[in-house]
Amino acid sequence: MRQLLAACLLVPGTFLAFPLPLDARVDPAVKAGAVAGIENQKDDLIRLSDEIWSFAETALRETRSARTLADYAEKNGFSVQRGVAGMPTAFVASYGVGRPIIGILGEYDALPGISQKAQPTKEPLVAGAAGHGCGHNLFGTASLGASVAIKNLIAAGKLKGTIRFYGTPAEEAVGGKVYMAREGLFKDLDVCLAWHPDEDTEAGTDSSQALVDFIVEFKGKTAHAAYDPWNGRSAVHGVEAFVNGVNMLRENVKPSVRIHYTIVKGGDVPNVVPDYAKVWCWVRDSTRSGVEQVLERVRRIADGAALIAGVESKMTIQAGDYETLVNLRGQKLLYANLEWLGPVPFTGEEQEFAKAMQRVVGAEPKGLDGSVQPLKAPMADPPGGSTDVGDVSWVVPTLQFVVTTAPKDVPWHAWPVVACSGMSIGHKGMLYAAKVLAATTVDLFEDPETLTAIQAEFREKTKGVVYRPFIPDGPPPVPKP
Ligand SMILES: [Zn+2]
């Protein structure tokens, strides 16, 4: 596998020079048409992205953002199913008939408390409001723009098949895609595509971490903390014993495991023995089975903590993600298209904006790196982080890449990314990502051999695997308006 990937590293250059057999089978004029289809929508896409950026709606509250994208899809001839999988802000937009059926994922949720103006110094747009600190306004818009470009080629008789855009809410919270996967919304796809804003432009081959999100509640008995404390049983002691146990557990788990928690409820006042306490905990590992093993040990720690404190404990799973199943054949196809398009063309002015921002956060003023990173061999234990794209990747072959939309070494889920996602740096990355998605989709429509190879790799890697989403039965936790 390593040798196969190394061979790819030796073939930079334009797409037409790329020696994979796929380009011979795909009409370059159709691919050029897909790219032109993004340029034609440029003003619309920038407007949509800026609107969603200014709405800055958080998980499962993305009402206006979802509507803006769904309306644009409908206006462009897609049939749109809104409010799918029990989430008012989830939707599926479809165009065309028959196979292949190619899906493109889009996100649009913001993060609370990080509102920021589109400038290189920290200043909230609306104090205390949410902001697009992960660039999901760009993510959703680029993916829909690519879907529309493909739709136009189908309508013009240049491509045959079905294009489907998935409006997937709440990536930053419960993971809308997990509910959509449980509903079976992805299962008839031939291939699914996704991208994400980043500080690099790359068709990565590293997986993401599997994750489980759960709460542990302790119920004790209240009493006066001085008059008759012997009649009380402190739920907070349950929490203390639990987190001590979890922190000891860290010493005897694999280095790939991450455990993090917050104490959500730990009593009210010192002179009352607290009868209720609650911990919110996440466990991650490089695989779903690794997460399950640690979770069972944590479950026993909760039982033990309850025993120590003389209280009751209850563990409730809230959400979780699978690790991403990387499809190497698919990533090679994405890489070929990144190479074909070349670097993201940032201007001198954008580089100056980036450098100013890097100076503010104390990073080296290197500016933006829009170059296409080489295709690398996958790491055994990827760096930390999880995504609900992981769940989709176990249901259908899923290809994803990242595009530069922010300077190197600035913090994510923070103001610098909000700023870049609302100005020309983000726009440029977004339009580039849309072109990669559209061009790759053309390949998937026009090159059945590559499509078959991608699907064969998926079948091989998922042999014997039964997809079981890590979410409780029942509807998603949609907040009341
Ligand atoms: Zn994100």
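Since we're looking at a predicted model, the values are computed, not measured.

A. The overall build of the protein, seen in detail. Within the protein one finds 15 helices and ten strands. Reported as C-alpha extents along the three principal axes, the dimensions of the protein are approximately 85 × 50 × 45 Å. When the accessible surface of the protein is split by element, carbon and sulfur atoms take 55% of a total near 19800 Å². When the 48 basic and 55 acidic side-chain charges of the protein are each reduced to a single mean position, those positions are 3 Å apart.

B. Geometry of the sheet that holds strand β4 (residues 162-167). Pairing is mixed across the open sheet formed by six strands, whose spatial order is β1-β2-β4-β3-β5-β10. If you trace the sheet from one side to the other, it starts and ends with β1 (79-82) and β10 (398-404), each paired once. Taken over all neighbouring pairs, the strand axes of this sheet differ in orientation by 20 degrees on average, direction set aside. With six bridges joining them, strand β2 (residues 91-96) and β4 adopt antiparallel strand pairing. Bridged to Ala-93 within β4 is Phe-165.

C. Fine view of the packing of aromatic side chains. Applying the stated criterion to the full structure yields eight aromatic pairs. Put simply, the rings of Phe-91, Tyr-108 and Phe-165 touch in pairs and so form one group of aromatic residues. Just above the ring of Trp-340 sits the side chain of Lys-31; from NZ or CZ to the centre is 5.0 Å. One residue, Arg-288, lies across the ring of Phe-470, its end atom 3.9 Å from the ring centre.

D. Broad picture of the packing of helix α10 (residues 328-341) against helix α14 (residues 424-446). Look at α10 against α14: their axes get within 9 Å of each other, and the N-to-C directions meet at 125 degrees. Taken as axis vectors, α10 and α14 run oblique relative to one another. At the point where α10 passes α14, the crossing takes the right-handed sense. Within the contact between the two elements, α10 uses Leu-333, Leu-334, Asn-337, Leu-338, Trp-340 and Leu-341 and α14 uses Tyr-432, Lys-435, Val-436, Ala-439, Thr-440, Asp-443 and Leu-444.

E. Structural context of the coordination of the zinc ion. Protein-derived coordination of the zinc ion comes from Cys-134 (SG), His-136 (NE2) and His-196 (NE2), at a distance range of 2.0 to 2.3 Å. Of note, the donors binding the zinc ion are all from one chain and are spaced C-x1-H-x59-H. Of this pair, His-136 sits in helix α6 (residues 136-155) while His-196 sits in strand β5 (residues 191-198), and the two are 60 residues apart along the sequence. This pair shows no difference in class: His-136 is buried, exactly as His-196 is.

Conventions adopted
Residues numbered from 1 in each chain as written. Predicted model: local features only at pLDDT ≥ 70, side-chain atom pairs only at ≥ 80, totals over all residues. Heavy atoms only, no water. Helix = DSSP H or I, 4+ residues; strand = E, 2+ residues; numbered from the N terminus. Areas by Shrake-Rupley, 256 points an atom, 1.4 Å probe, with all protein chains shown as cover. Lys, Arg positive; Asp, Glu negative; His and termini not counted. Charge placed at Lys NZ, Arg CZ, Asp CG, Glu CD. Pairing = 2+ DSSP bridges. Axes fitted to C-alpha atoms, helices over the stretch in contact; angles between N-to-C directions. Phe/Tyr/Trp six-rings, centres within 6.5 Å; stacked < 30°, edge-to-face > 60°. Lys NZ or Arg CZ within 6 Å of the ring centre and 35° of its normal. Parallel < 35°, antiparallel > 145°, perpendicular 65-115°, else oblique. Left-handed = near helix turned anticlockwise from the far one by under 90°. Contact = heavy atoms within 4.5 Å. Donors = N, O, S within 2.8 Å, 3.2 Å for Na, K, Ca; no water. Buried < 20%, exposed > 50% of the residue type's maximum accessible area, 1.4 Å probe, protein only.

Interpretation note: all reported values are geometric properties and have no functional meaning in isolation.
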